[in-house]
Amino acid sequence: MSQSDQRRMGGQPMFILNEDTDRTSGDDAQTSNIAAGKAVSESVRTTLGPRGMDKMLVSDDGDVVITNDGATILDEMDIEHPAAQMLTDVAETQEEEVGDGTTTASVLAGHLLAEAESLLDDDVHPTTIVEGYHRASEFAQDAIEELVVSTDLDDEQLLQVAESSMTGKGTGSLPARDLARTVVDAVRHGGGIDRDGITVHTQVGASSSATELVEGVIVDEDRASEEMPRSVSDASIAVVEADLEVAESNVDAEYQVSNVDQLNAALDAELDQLRGYADTLAATGVDVVFLDGDIDDRVGEFLVEHGLLVFEDVDSDTVDDVCAATGASRVGSVDTLGADEFGHAEQLSVETFGDDELVFIEGGDAATAVTIFARGGTEHVVDELERGLTDALDVVTAALSGGVVPGAGATEIAVANHVRESTAGVEGRRQLAVEAFADALDVLPRTLAENTGMDPIDALVELRSAHDDGTVAGLISEGQTGVVDDPVEHGVLDPAAVKREAVRSATEAATMIARIDDVIAAN
Ligand code: ADP
Ligand code: MG
């Protein structure tokens, strides 16, 4: 415990911190926080862009994740340092808000910190840096607004957006264009922007080229009996929340049988009750029943005799999905079921994949939901495919609502230029921070150049001079190298919302970390 942690009251030292507390203050705290933030951002830097590399992450218990996705990498890494943790939060927020741009946001945050560090070394006060960064981020937002290419996007542009978000991700054997088509079809199918109506369902066992759009939902349930039909067209569907078993009486009843006839009568009565369930269901005219409870084996046989398709022990998520897709209303017993409660689908089919059975419910009455059925040879491939598809769905939705800007580093260069040009209007030393912000933005095109195998300095010089001439230019990745050209012409477009959020969340994290001059940690 240092002298400064003691406050003297009436000559008695008073300890305000527990003896086990770890405390780092002033420059030490700042240096260590900034170093941690920079380290995190450095760890994802090489994955940026279409030619970024993947990371293999191995957990304590040996699980392996191979990914190119910034948010996933930072989530899987076991990060303990509190400041580093704030950078993982940046990636997480970015992922939640817009679904893409996680690497961009964390790399930017790391470089905002690095620039802040040199300003601190030059004795610029943290508060000045924070104010300058906030001013600069406003300039950056204005510049992004100016760069929006189009808000009314046609299918070709949406395809390009989906494709640029997926290039570099391991999409297996399938060209990104085909996946992009599936993503755009899914978004267009829902009639526009309801992202919640689109799910991705993964299934190992086929090549990723078998990935397809299902106009409905897929649920993971097995038939109550293998003798039941696998496929029903024009299906009436019921959702019943009950068991189809012998009713257990509340009292611990015992059969008082004194002869064989009485025993048979009791068994007959039981069998009648069980047959009654199946007969009642069949009489309603229903074709398919999703039951949340259990079915007695004997009822199963009667149901098979009636040609019904029944799923038992269905979980509540499936019940929700079935109701939402088909318009079925749940009932509490087979006795109260009638045609009014039925849902309806054009086609319901049960397909077998290895050991799993999946139920495809297509053309449901109430359905706005669609599902991308993603296939891949191994668990790793489908997992990365799922992340790529989910990101692409998010960006296409974001592009439809907020427009697109040129990708491939063009937006970042133009924004950095605008921020630099705006410096003059800022008073005092804050100017330094605004300039530093612009320098930090440069890291994004520089990293794209490095990852593409271009010389980063030449690339940046070429980019800047193109922008000074008033042309929009980015570093388009082509084959083994890259060229400086107009991203819009090459169809490299990013949603404006992704850039806005990256600037917002990176600024927030960097300024928060720069402002800390004291780390007090309970052990
Ligand atoms: P993030 O997690 O930030 O989305 P990515 O690895 O997905 O990181 O890389 C995104 C960057 O790659 C964006 O700046 C985007 O414009 C750029 N990009 C996408 N496709 C191309 C391409 N064909 N050529 C150059 N840059 C591209
Ligand atoms: Mg991306």
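What you see is a predicted model, and the numbers here were worked out from it, not measured in a lab. (Residues numbered from 1 in each chain as written. Chains lettered and ligands numbered in written order. Predicted model: local features only at pLDDT ≥ 70, side-chain atom pairs only at ≥ 80, totals over all residues. Heavy atoms only, no water.)

### Topic: helix H15 (residues 456-468)
Turning to step 1, where the next piece is worked out: The terminal C-alpha atoms of H15, which comprises 13 residues, lie 18 Å apart, in line with the 18 Å expected from a rise of 1.5 Å per residue.
Turning to step 2, where the next piece is worked out: Burial in H15 covers these residues: Ala-459, Leu-460, Leu-463, Ala-466 and His-467. End-on, the buried residues of H15 take up no more than an arc of 130 degrees, which puts them together on one face. Relative to its buried face, H15 has exposed residues pointing more than 90 degrees away, namely Ile-457, Asp-458, Val-461 and Asp-468.
Turning to step 3, where the next piece is worked out: On its buried face, H15 sits against helix H12 (410-422), helix H14 (443-452), strand E17 (474-478) and strand E18 (481-485).
Turning to step 4, where the next piece is worked out: Here H15 starts with a cap whose side-chain oxygen sits 3.0 Å from the backbone nitrogen of Ile-457, and that cap is Asp-455. (Helix = DSSP H or I, 4+ residues; strand = E, 2+ residues; numbered from the N terminus. Expected span 1.5 Å × (residues − 1). Buried < 20%, exposed > 50% of the residue type's maximum accessible area, 1.4 Å probe, protein only. Arc of directions from axis to C-beta. Contact = heavy atoms within 4.5 Å. Polar contact = N/O pair within 3.5 Å; in protein donor to acceptor, adjacent residues only side chain to side chain.)

### A word on the sheet that holds strand E15 (residues 370-376)
Turning to step 1, where the next piece is worked out: Read from one edge of the open sheet, three strands run E6-E15-E7, paired in mixed fashion. Each edge of the open sheet is held by one strand with a lone partner, namely strand E6 (198-204) and strand E7 (212-214). Each neighbouring strand pair of the sheet contributes to a mean axis angle of 30 degrees, computed without reference to strand direction.
Turning to step 2, where the next piece is worked out: Sheet topology note: the E7/E15 ladder contains three bridges and is antiparallel. Pairing of Val-214 across the sheet is with Thr-371, part of E15.
Turning to step 3, where the next piece is worked out: Seen against the sheet, helix H7 (residues 176-189) touches E6, E7 and E15 and runs at an angle of roughly 165 degrees to E15.
Turning to step 4, where the next piece is worked out: Sitting on the sheet, helix H11 (residues 379-402) touches E6 and E15, and the angle it makes with E6 is about 165 degrees. (Pairing = 2+ DSSP bridges. Axes fitted to C-alpha atoms, helices over the stretch in contact; angles between N-to-C directions.)

### Concerning the packing of aromatic side chains
Two aromatic rings are characterised by how far apart their centres lie and by the angle between their planes.
Turning to step 1, where the next piece is worked out: Taken as a whole and assessed by the stated rule, the structure comprises five aromatic pairs.
Turning to step 2, where the next piece is worked out: Ring plane angle 40 degrees and centroid distance 6.3 Å describe the contact between Phe-353 and Phe-360, whose orientation is recorded as tilted. For the pair Phe-353 and Phe-360, one class covers both residues: buried.
Turning to step 3, where the next piece is worked out: Seen in terms of ring centroids, Phe-360 and Phe-373 are 5.1 Å apart; in terms of plane orientation they differ by 90 degrees. Their pairing is edge-to-face. Taken as a pair, Phe-360 in strand E14 (residues 356-364) and Phe-373 in strand E15 lie far apart in primary sequence, 13 residues in all.
Turning to step 4, where the next piece is worked out: A relative accessible area of 2% places Phe-360 in the buried class.
Turning to step 5, where the next piece is worked out: Look at Phe-373 and you get buried, because its relative accessible area is 2%. (Phe/Tyr/Trp six-rings, centres within 6.5 Å; stacked < 30°, edge-to-face > 60°.)

### Examining H7
Turning to step 1, where the next piece is worked out: Relative to the 20 Å expected for 14 residues at 1.5 Å per residue, H7 spans 20 Å between its end C-alpha atoms, a close match to the ideal helical length.
Turning to step 2, where the next piece is worked out: Listed in full, the buried residues belonging to H7 are Ala-176, Leu-179, Ala-180, Thr-182, Val-183, Val-184, Ala-186 and Val-187.
Turning to step 3, where the next piece is worked out: If you follow the buried residues of H7, they end up packed against helix H6 (155-166), E6, E7, E15 and H11.

### Description of the side chain of Ser-137
Turning to step 1, where the next piece is worked out: Mapped onto the elements of the fold, Ser-137 is located in helix H5 (residues 126-147).
Turning to step 2, where the next piece is worked out: What Ser-137 contacts, discounting residues up to four positions off in sequence, is Phe-437, Val-503 and Thr-507.

### So, the packing of helix H4 (residues 102-121) against helix H16 (residues 496-515)
Turning to step 1, where the next piece is worked out: Direction vectors running N to C along H4 and H16 enclose 35 degrees, while the axes themselves pass 8 Å from each other. In the packing of H4 onto H16, the handedness of the crossing is right-handed. Counted together, Thr-104, Ala-105, Leu-108, Ala-109, Leu-112 and Leu-113 of H4 and Ala-502, Val-503, Ser-505, Ala-506, Thr-507, Ala-510 and Ile-513 of H16 form the full contact between these two elements.
Turning to step 2, where the next piece is worked out: Here the contact of H4 with H16 is composed, by residue class, of ten nonpolar, three polar and no charged. (Left-handed = near helix turned anticlockwise from the far one by under 90°. Nonpolar A, V, L, I, M, F, W, Y, C, P; charged D, E, K, R; others polar.)

By themselves, these observations are geometric and do not establish any function.
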